[in-house]
Amino acid sequence: MGYDLTCFLSGYPHASSLNEVMDEYLDDILAFNDPWRQWTVERRRDFHLSAACKVFEPYTAEDEENRRDMVLIGPFDDAHNLTPLDITTIEVSIDVVLQGLIRAIHVVPSDDIGRVANSGTFVSTITAKSYDLYSNSSSLIFVNASALRILSLAAPALTPPRLWALQKQVQNSSLGVDYGRVTQGGMYVQLHCFEDDMQFDQWVVDVLRREAPTEEDRRELMMGTGRMFAFVRPNVFPVVEAFAYWRVSLLANARSRSEATPFRSEIPTTNHLTFDTLPIDVILDVCSHLSLSALFKLCLASRFLHATLSPFISTGTFIRNWMAQHEPWYLPPPDGQERLWFNEQCQLALQDEKEIRDGDVLRCPWLWYARACGESPSMRNRARIWSVAKQLEELANATGYLAI
């Protein structure tokens with residue numbers, strides 16, 4: 001789906017919109033399948049628009065705005081003019097990094113500031129100077145701003161100058177980086193290659209023939225084989241969903257307590273050594289190495305384990321520490337606009353609560369937040385980009401670029 005220059009970190013296209021990239025696959029479907037292949041251009045266009053509105057335009061204006069929010073990294077003559085320097089060799093690339101000439105500047109598409117739209121032209125928010133991604137592609141790299149923020153958290157040693165030098169080194173060779181079932185190479189962005197999975201192609205045809213897609217259809221397209229989550233902006237932390245799960249659980253727990261038969265939760269007596277008989281600190285240490293799904297299953301293994309573990313794993317401290325160790329990409333950054341947005345969402349959700357803080361941080365139902373993250377297209381994309389960042393860090397370390 002879609003041909004365009006792509007971001008080194010996220011795989012997002014630089015010039016085409018997200019929906020244009022997605023529509024490439026729909027074009028292939030219409031051109032290949034009978035009876036659509038025999039349709040007139042007008043009839044195909046009308047159907048295309050209808051189908052796109054139903055299924056193939058799942059992205060919000062905020063997703064598109066995130067895609068267009070770019071950082072330009074490269075060598076410039078000075079911090080005032082920001083005129084790109086032409087760098088053609090690897091040796092010179094390393095020199096300009098050591099000389100401190102690599103700068104990262106925020107740019108936006110030319111039409112965002114009222115200029116005539118010109119595909120591939122970006123404008124500095126500092127100097128209003130224009131940069132063309134095609135003519136400057138030999139010395140500059142365009143990186144999605146949110147992806148660069150994820151890189152700074154996942155691989156802080158891979159600074160923009162080092163990232164630029166690494167990209168110059170590997171731009172004409174195979175990266176060996178897994179972009180999470182999103183093919184990123186040169187000028188090609190691909191979520192699903194037409195005829196790569198004929199069963200999926202036929203399923204899409206069936207979806208398009210329906211009057212309206214079901215929620216199951218949309219989920220399969222977004223989180224399943226369609227993999228459309230890869231273009232959702234990776235910074236929508238599911239705070240609202242977490243609080244919704246939490247409040248439902250409070251009602252369910254209150255109902256179960258009123259209906260449940262009391263049971264004893266003491267350590268079971270047995271002549272054999274079992275997991276239940278281990279000291280509680282050993283059990284908790286084992287739990288700290290399990291996935292959340294495995295941890296939940298363990299709680300259901302016996303009444304004793306449920307009664308023993310529930311008070312621990314339901315605490316914010318345990319879940320935050322677990323996420324920091326196993327899934328750090330789900331945690332909000334310690335500062336910046338994303339953290340402010342996270343805190344604002346928590347405050348809105350807690351406005352009717354008496355206690356809104358848990359120690360030094362705002363209260364958050366972290367157990368339910370972890371569940372919401374697992375179901376979030378945005379967080380799944382964030383995990384994907386985090387993985388790309390870690391792989392690039394390993395590549396930079398292997399090639400010596402972390403040492404410059």
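**A short note on the overall build of the chain**
In terms of regular secondary structure, the chain is built from 16 helices and 9 strands. Residues counted as buried form 46% of the 404 residues belonging to the chain. If you take every contact in the chain between residues at least 6 apart in sequence, the share linking residues at least 24 apart comes to 73%. Approximately 20,600 Å² of the chain is accessible, and the part contributed by carbon and sulfur atoms is 53%.

**Looking at the pairing of strand E2 (residues 102–109)**
Within a regular strand, the side chains alternate between the two sheet faces. As paired strands, strand E1 (residues 70–75) and E2 are joined by 6 bridges and run antiparallel to one another. By the bridge assignment for E2, Val-71 is matched with His-106. Where E2 and strand E3 (residues 121–124) come together, 3 bridges link them in antiparallel fashion. Each residue of the ladder has a partner; that of Pro-109, found in E3, is Phe-122.

**Observations concerning the sheet that holds E3**
Spatially, 5 strands are ordered E4-E3-E2-E1-E5 in an open sheet, and the strand pairing comes out antiparallel. The open sheet has two edge strands with one neighbour each: strand E4 (130–132) and strand E5 (141–144). The sheet shows a mean angle of 40° between the axes of neighbouring strands, taken without regard to direction. Bridge count for E1 against E5 is 4 bridges, and the pairing is antiparallel. Within E5, the position partnered with Ile-73 by the bridge is Ile-141. Together, E1, E2, E3 and E5 form the strand contacts of helix H3 (residues 61–68), whose direction differs from that of E2 by roughly 145°. The strands that helix H6 (residues 160–170) touches are E1, E2 and E5; relative to E1, the one it contacts most, it runs at about 75°.

**Quick notes on the packing of aromatic side chains**
Counted under the stated rule, the structure contains 12 aromatic pairs. Among the aromatic residues, ring-to-ring pairing joins Phe-237, Phe-342, Trp-366 and Tyr-369 into one connected group. Above the ring of Tyr-245, the side-chain terminus of Arg-371 is found at 4.1 Å from the ring centroid.

**With respect to the confidence of the model for the chain**
Of all residues in the chain, 70% have pLDDT values of 70 or greater, and the mean over the chain is 77. Segment residues 113–117 is flagged for pLDDT under 50; beyond a separation of four residues in sequence, or across chains, it makes 9 contacts in the model. Below pLDDT 50 for its whole length, residues 260–265 participates in 4 contacts with residues either more than four positions away or in separate chains.

**So, the environment of Gln-347**
The residue Gln-347 is located in helix H14 (residues 337–349) in this model. A sequence separation of 16 residues divides Gln-347 from Arg-363, and the C-alpha atoms of the two residues are 8.6 Å apart.

About the criteria used
Residues numbered from 1 in each chain as written. Predicted model: local features only at pLDDT ≥ 70, side-chain atom pairs only at ≥ 80, totals over all residues. Heavy atoms only, no water. Helix = DSSP H or I, 4+ residues; strand = E, 2+ residues; numbered from the N terminus. Buried < 20%, exposed > 50% of the residue type's maximum accessible area, 1.4 Å probe, protein only. Contact = heavy atoms within 4.5 Å. Areas by Shrake-Rupley, 256 points an atom, 1.4 Å probe, with all protein chains shown as cover. Pairing = 2+ DSSP bridges. Axes fitted to C-alpha atoms, helices over the stretch in contact; angles between N-to-C directions. Phe/Tyr/Trp six-rings, centres within 6.5 Å; stacked < 30°, edge-to-face > 60°. Lys NZ or Arg CZ within 6 Å of the ring centre and 35° of its normal. pLDDT = per-residue confidence, 0-100.

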